Structures are given as C-alpha cells and as structure tokens.
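Next come the chains, spelled out residue by residue.
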Amino acid sequence: MNRPYRYTASPSRVRWASLVVATAPVFLPGPVIAQQENENAQAASRQPGLVFEPRVSVQHSITSNARRDAAGVSDQVTEVSPGFQLISNTARIKGFVDYWLRDTYYARESRFNQIRHSLNASAVIEAIEQWAFIDIRGVVASQPISAFGAPVDGSPANSNSSQTSSFRVSPYIRGRLGGVADYEARYSVQDTRTKTDLRSDVTTQDWLLRLGSQDSGQIVGWSADASNQVADYSLGRSIETTALRTRVNFAVTPQVRLTAIGGAESTNQLSPIRESHSITGFGATWQPSERTRLSFERENRYFGASHNAALEHRTGRTVWRYTDIQGISNGLGAQTAPLGSLFDLFDGYYTQIEPDPIRRTQLVLAEIERLGLPANAQVFPDFLRSSITLQRAQQLSLALLGQRSTVTLAVTRSDSRSIGGALQLGDDFDTNSRIRQRGWNLLLAHRLTPNSSIHAHWGEQRSVGTLPGLETRVRSLVLGWNFLLARRTSGGLQIRRVLSDGLASPYSESAI
C-alpha cells in the first residue's frame, strides 16, 4: 500500500498541526480522476501475487491540551512509526496485512511515552482446492473506553483510550451434495482483549452447519442453518445460544425476491437458565440494476424484534448508502462493526471498477491515503463495553468523487439498551440503562496540482445517557495540506481545533 500521508482522524479537539514525512512509495495527492482509475486497474492486474512494502513516518505536533482534559496542559509530541504492508493475491492465499508500530515521545510529560501497535489484517487460505478454507482476521487499534470521555485520537495521554486487539480464525469446508444441495460446515473462534481493567475481555466460539438449494436462478430456493455460539466474558458469565433457522426464498421477478423465515433458539442470555423461543420473520430484496439494491429483513426473537435494512445506489461518480440495523451487540462491536467507515463507502464505489476484492482494497486504500485520512475514519467508533446490549444503528452516507474534488458526508445515530438485568460489569451501563449517540462529518478534498492537495474535515458527535446531566458534545475542524517532497517521500501540514462540552468531559484543544 502506498502511504504518502498518514493522519489519525479523531473527533477530539485539537489546536495544533502535524508535519509528517513518510519514506514510502507515494501516490499523487488528490482524488483519482477517470483516466487514473483505468490505469490503476490495469496496473493492479499486472502486479505480482506477493507484494511487501516497508514504510516509516515521522510526525511532530504542538498541542494546547496533550491529555484531552479540563487541565489543558500543552506539550510537544513526536511520533516515529515504522510499518509495512504485505499483500498476497496468489491462488491459495488472498489477503493483506497492514501494520504500524507507533513510538510516541512527549517533551514535557514523559510518563506518557508509549509504544503502541496498529494492525489491520485479513486473509482467506484455500487449504484444499475448492473444499477446505481458513478465514483469518486481526485488528489492533485504540478504542474509547467510555461513550462520555474524550474521543480517541491516537494519543497515549488520553485516559479514555485503550489499545484493543481482536483476532478471529475460522476453518470451514463447503461443497455440493450431488446435484441436490450446497453445504457448509464452519467453526470460528474470536478473542477480543483490551488493556484496560475497566472492560471485559470476550472469547466467542461458533459452530455452523448450513444446507441449501443451489443458487442457479431457481424460482423457489431454501436453506437451513444450525448454529451454536458460546461467549465467555472475563467480567461476567458465559452466554450460550443455539439456533435452528430455515429460509424459503421465492423469486417474484428476476429483480424481486421474497423470503420467509422460521425456526427456534435456546439461550441463557436473559436468565442463568436456558430458555427456548421461536423465530419467525420475513425479508425482501429488490435489485432493479447492478448499481441499485434495496433489502429488508425482520425477525421476532427472544429479545424482541431485530431487523436489517440496506439501500445502496451507485452512479458513475457517486455512492449513496443507507443502513438500519437492530440486534444484539455482544461486546465485539468495537472491533468488528465500526460506524461510518470511509473504507466501506469507497469500496462500494470501486466495486464497479475492480471486481477482485484484493485489488479493489489496494485501490480504495490508495485513494483514502490521497485524502490524508485513515481507512477506518469514523463518525464515532463503538465504545468498549462489558454488557450485552440491544443496539440499533442507522447510517446515511454519501460520496461524490469528481475529477479533482471529493466530498463525503456521513450521518450516524445509534441507540443501545442494556438487557443484562442487574449485573454490574463495570461499564457505562452500570449507571445508564440506555445510551444514545449521534454524529455527522463532512470531508472536502481538492487536488491543487498533480503533487499537492488540500482537505477539510468538519464533524460533531453527541452522546447522551439516562443519568441526569450525563451528556457530551464534541465538535472538530481539521484543515490539511499534503505535498510530494520526492518520488518516495511526502509531507503534510495540518491544523485542527476541537471543542468538547458537557459535564462528563469538558475541554478544548488546538494543534498544529
């Protein structure tokens, strides 16, 4: 991956700017124009199956509030970050590893000096040709401990930030039973750990057996899933859920498909004793063209109603997307379901240019780097929790990609309710039965010349609890300039201003 300029976006308030020098292969700053898209796709098709790229960046910042708190202690911070990206697109291994080691030095408060890790890795290994596979996923990142503390911006001095790691391994087999049905048998284990003692570590194990009719344009199709999940919480009890779910699909037209859902499940989620419940539901999908898709699915389950609605529309230069999801959050959301990801938005656009997922990932990451933003830039990340909650998350996002300018807008709202009863697990839900969050951000980027670009990032996030007066609002504005210094070296200058008000975490910051 080419990384000309790196900036960890955050909704925190900062009043100083950062100068970054990265010795890495560099893409020209600014949005990708139409001619470059075709050239990038052709270049990706000529790339070798295995690519390794080492990188290093140096960033120096002057801030008015190094700790992101009401004390407002100023400091100078230097971060040295060596890293690498490994991309494999061979016949048997398809995936990527993106890793940074971040060594941070504070001029005044050296007690905050810290080495942290940043990892984003995903791969699919074909162990036995067209039959046995292994999915591997790993994420290491800083996450907010509380919904009401200072937003995470990568600063080790931020007391509301904790490095969290999540690794998942899932071996599975899939094939066909004669000409009757397709089958899949899968086992997965995911371990999520955080460095703070204030939140629970979670280990989940899943078993899945699926049978279904072959997807060959039939008018009527069916599938049956048998699953079992055990979630073990370090600060709580183990939760086990077993479910049997069947689906019958009916193609009304080639563009419209209806689904009927039925089944049963058994869980000890609501009480220490396992209880059985029925599953009923329905769904519909409408896809009038390859660029437009609307889907909706609703189920009645042991905790009430769950649903998953999605609308996506793409044009030659835009991506419009709306999602509305309600379901159980088991504490893994901070690593597996970030809200407002720029990567997902750009990935939807590049689907029409590059069908290969690995090559498309390279194109998406390269374009986001041109904008001076990380791939996981979010309206707000999911905060760490030890409780299991019923969560509804809604997101509306838009991307406009012009020949020299790019505009993205994301609006997000979430509503989380505790269903753990009287359990005290040491998180925000000990004192709040319900936490509501909403936020938006607007990104503008413009390519000045083939070797330089500017960008502006403006956003707001708000968190409200049920405890009287517990509310925070954070507003941020970031202005940046990226420029090419040499063939493999780029730099950037950035200024940001952050304001946070509310009883939980009042502060302000300016940085350069």
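Residues numbered from 1 in each chain as written. Predicted model: local features only at pLDDT ≥ 70, side-chain atom pairs only at ≥ 80, totals over all residues. Heavy atoms only, no water.

(A) Examining the overall build of the protein chain more closely. Helices and strands together make up the secondary structure of the protein chain, namely four helices and 23 strands. In the protein chain, which comprises 512 residues, the share counted as buried stands at 52%. Long-range contacts, defined here as pairs at least 24 residues apart, represent 60% of the contacts in the protein chain between residues at least 6 apart. (Helix = DSSP H or I, 4+ residues; strand = E, 2+ residues; numbered from the N terminus. Buried < 20%, exposed > 50% of the residue type's maximum accessible area, 1.4 Å probe, protein only. Contact = heavy atoms within 4.5 Å.)

(B) Region of the structure containing the nonpolar core. If you look at the biggest cluster of nonpolar residues, it comprises ten residues: Val-319, Phe-343, Phe-346, Tyr-350, Leu-363, Val-364, Leu-365, Ile-368, Ala-399 and Leu-401. Elements with a contribution of two residues or more to this core: helix 3 (342-350), helix 4 (357-370) and strand 17 (389-401). If you tally residues by element for this core, the top one is helix 4, at four residues. Val-202, Tyr-233, Ile-239 and Leu-390 belong to the second-largest nonpolar core, a separate cluster that totals nine residues. (Core = buried A, V, L, I, M, F, W, Y, C linked by side-chain atoms within 4.5 Å.)

(C) Focus on the pattern of salt bridges. Counted according to the given criterion, the structure contains 27 salt bridges. Note that Arg-321 and Glu-312 form a salt bridge whose closest N and O atoms lie 2.7 Å from each other. Note on accessibility: Arg-321 and Glu-312 belong to one class, buried. The shortest N-O distance in the salt bridge between Glu-460 and Arg-462 comes to 3.8 Å. We classify Arg-462 as buried; its relative accessible area is 18%. (Salt bridge = Lys/Arg side-chain N within 4 Å of Asp/Glu carboxyl O.)

(D) Quick look at the pairing of strand 21 (residues 471-486). Inspection of the sheet shows strand 20 (residues 452-465) paired to strand 21 by 13 bridges, in the antiparallel sense. Counterpart to Ala-456 in the pairing with strand 21 is Leu-479. In this antiparallel pair of consecutive strands, strand 20 and strand 21, the connection spans five residues, and Gly-469 shows a positive phi of 80°. Pairing of strand 21 with strand 22 (residues 489-501), which is carried by 13 bridges, proceeds in the antiparallel orientation. Its bridge partner lying in strand 22, Asn-482 is registered against Gly-492. Hairpin connection of strand 21 to strand 22: two residues between the antiparallel strands. (Pairing = 2+ DSSP bridges.)

(E) Broad picture of unusual backbone geometry. Despite not being glycine, Arg-68 has its phi angle at roughly 55°, a positive value. Checked against the element boundaries, Arg-68 lands in the loop between strand 2 (50-63) and strand 3 (75-89). Overall, Arg-68 belongs to the buried group, its relative accessible area being 6%. Despite not being glycine, Gln-130 shows a phi value in the positive range, around 55°. You can see Gln-130 is positioned in the loop between strand 5 (114-128) and strand 6 (132-144). Classification of Gln-130 by relative accessible area gives exposed; the value is 63%.

(F) Highlighting the pairing of strand 17. Of all the 13 residues making up strand 17, ten are buried; the element is thus mostly covered by neighbouring parts of the structure. For strand 16 (residues 318-329) and strand 17, the ladder comprises twelve bridges, and the chain directions are antiparallel. Within strand 17, the residue paired with Thr-323 across the bridge is Gln-395. Relative to strand 18 (residues 405-418), strand 17 is paired through 13 bridges, and the arrangement is antiparallel. Looking at the pairing, Leu-400 lines up with Val-407 of strand 18.

(G) Spotlight on a nonpolar patch on the surface. Taken together, Ile-62, Leu-448, Ile-454, Trp-458, Leu-477, Leu-479, Trp-481, Leu-493, Ile-495 and Ile-512 make up a surface patch of nonpolar side chains, about 870 Å² in accessible area. For the nonpolar patch, the secondary-structure elements that each account for two or more residues are strand 20, strand 21 and strand 22. The dominant element in the nonpolar patch, judged by the number of residues it contributes, is strand 21, at three residues. Here Ile-454 is to be found in strand 20. What makes Ile-454 partly exposed here is its relative accessible area of 34%. (Patch = residues over 30% accessible without salt bridge, like charges linked within 9 Å, V, L, I, M, F, W, Y side chains within 5 Å. Areas by Shrake-Rupley, 256 points an atom, 1.4 Å probe, with all protein chains shown as cover.)

(H) Spotlight on the environment of Asp-182. Assignment of secondary structure puts Asp-182 in strand 8 (residues 181-194). In this structure Asp-182 comes out as partly exposed when scored by relative accessible area, which is 25%. Once the C-alpha coordinates of Asp-182 and Arg-210 are considered, the two residues, 28 residues apart in sequence, prove to be 8.1 Å apart. Side chain to side chain, Asp-182 and Arg-176 meet in a polar contact 3.2 Å long. (Polar contact = N/O pair within 3.5 Å; in protein donor to acceptor, adjacent residues only side chain to side chain.)

(I) Quick look at the environment of Ser-64. Structurally, the position occupied by Ser-64 is in the loop between strand 2 and strand 3. With a relative accessible area of 9%, Ser-64 lands in the buried category. Placed twelve residues apart in sequence, Ser-64 and Gln-76 show a C-alpha to C-alpha distance of 8.9 Å. Side-chain polar atoms of Ser-64 contact the backbone nitrogen of Ser-510, separated by 2.9 Å.

(J) Here's a closer look at the side chain of Thr-389. Here Thr-389 lies in strand 17. According to the relative accessible area criterion, Thr-389 is buried, its value standing at 0%. Looking at Thr-389, its side chain comes within polar contact range of the side chain of Arg-385, at 2.9 Å. Setting aside its immediate chain neighbours within four residues, Thr-389 contacts Gly-327, Ile-328, Ser-329, Ser-416, Arg-417, Ser-418, Ile-419 and Phe-429.

(K) Molecular detail of the side chain of Thr-194. Its place among the elements puts Thr-194 in strand 8. Classification of Thr-194 by relative accessible area gives buried; the value is 12%. Side-chain polar atoms of Thr-194 contact the side chain of Ser-162, separated by 2.7 Å. A polar contact of 3.4 Å, which involves the side chain of Thr-194, links it to the side chain of Thr-164.

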